[in-house]
Amino acid sequence: MELDELKENWQNQHINTSDIKFNRLLGVLQNNEYNPLNSFVKKNKKKLFLTLALLGIWTLNDIQQPKRLSNPLIWIATISIIVSLFFNLKNYMIINRMVSFDTSLKSNLETEIAALIQNRKNARLAGIIAIALLAVVIELMVTFNIPPLMPGWANTPVFFRILAYLSFVFLVYIWNRFYTQPKFENNIGHLKDLLEAMK
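Residues numbered from 1 in each chain as written. Predicted model: local features only at pLDDT ≥ 70, side-chain atom pairs only at ≥ 80, totals over all residues. Heavy atoms only, no water.

Considering the overall build of the chain
Regarding its fold elements, the chain presents five helices and zero strands. Reading the chain from its N terminus to its C terminus gives the helix and strand order α-α-α-α-α. Relative to its 199 residues, the chain shows a buried fraction of 28%. A fraction of 68% describes how many contacts in the chain between residues 6 or more apart in sequence connect residues 24 or more apart. (Helix = DSSP H or I, 4+ residues; strand = E, 2+ residues; numbered from the N terminus. Buried < 20%, exposed > 50% of the residue type's maximum accessible area, 1.4 Å probe, protein only. Contact = heavy atoms within 4.5 Å.)

Okay, structure coming up:
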């Protein structure tokens, strides 16, 4: 009889300890002062609204100046803005799911962290494709003499045009490597610390 009571008490204590950890972690996520998701939420909300505003202004200019639509570069820029909006919206949705957890917190947090990392990789890949597509479109415009282009660009030697494209790619890499990626990894690191607290 005493053994059964001891076993029941131990099980209850284990459950209570798990509940305490769970409730503490929920408290951290719901506390704006210490919430590691807070900077993510603010940053992505700001990005989302800025991208929406940019798309709205861009679309309005297209409506007011229909001739712009004959320029392939305008289409590339429009598609790039829409793709950027897609990834920002996806990030925002993931983060909103993370701050509204009520059950299975640890497994959900692990899943959503992985989703954020994957979304980041996909966004970088989309950026590389957009840059490559831009270079290809510009070169096709030069080859087939499709207006409008920057003055003198068609007369610029191919070597210097390629050098310009590579320089742009290098600048984007530097910006990502030393600014955006460290900030992203810092935020992810805070989230992983929360997972450690659940162990």
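Some details on the nonpolar core
Judged by nonpolar contacts, Phe40, Val41, Ile94, Ile95, Met98, Leu109, Ile113, Leu116, Phe184, Ile188 and Leu191 together constitute the single largest core of eleven residues. When contributions to this core are tallied by element, the ones reaching two or more residues are helix 2 (38–64), helix 3 (72–99), helix 4 (105–143) and helix 5 (158–197). (Core = buried A, V, L, I, M, F, W, Y, C linked by side-chain atoms within 4.5 Å.)

Observations concerning the layout of surface pockets
A volume near 1,300 Å³ is recorded for the largest pocket. Around the largest pocket sit 35 residues that line it, and Ser84, Ala123, Arg124, Gly127 and Val172 are the ones nearest its centre. Those elements that provide at least two residues to the lining of the largest pocket are helix 2, helix 3, helix 4 and helix 5. In terms of residue count, the dominant contributor to the lining of the largest pocket is helix 4 (13 residues). Split by residue class, the lining of the largest pocket holds 21 nonpolar, nine polar and five charged. (1 Å grid on protein atoms, 1.4 Å probe; cavity = no way out; pocket = protein on both sides within 12 Å on 5 of 7 lines; lining within 4 Å. Points joined across faces, edges and corners; volume = space filled by probe spheres on them. Nonpolar A, V, L, I, M, F, W, Y, C, P; charged D, E, K, R; others polar.)

Structural notes on the packing of aromatic side chains
Summed over all chains, the structure comprises four aromatic pairs. A centroid spacing of 4.5 Å and a plane angle of 40 degrees characterise the contact between Trp175 and Tyr179, whose relative ring orientation is tilted. Taken together, the residues span about one helical turn, with Trp175 and Tyr179 both in helix 5 at a distance of four residues. What makes Trp175 exposed here is its relative accessible area of 52%. For Tyr179, a relative accessible area of 39% translates into the label partly exposed. The lysine or arginine in question, Arg120, covers the ring of Phe184, its NZ or CZ lying 5.4 Å from the ring centre. (Phe/Tyr/Trp six-rings, centres within 6.5 Å; stacked < 30°, edge-to-face > 60°. Lys NZ or Arg CZ within 6 Å of the ring centre and 35° of its normal.)

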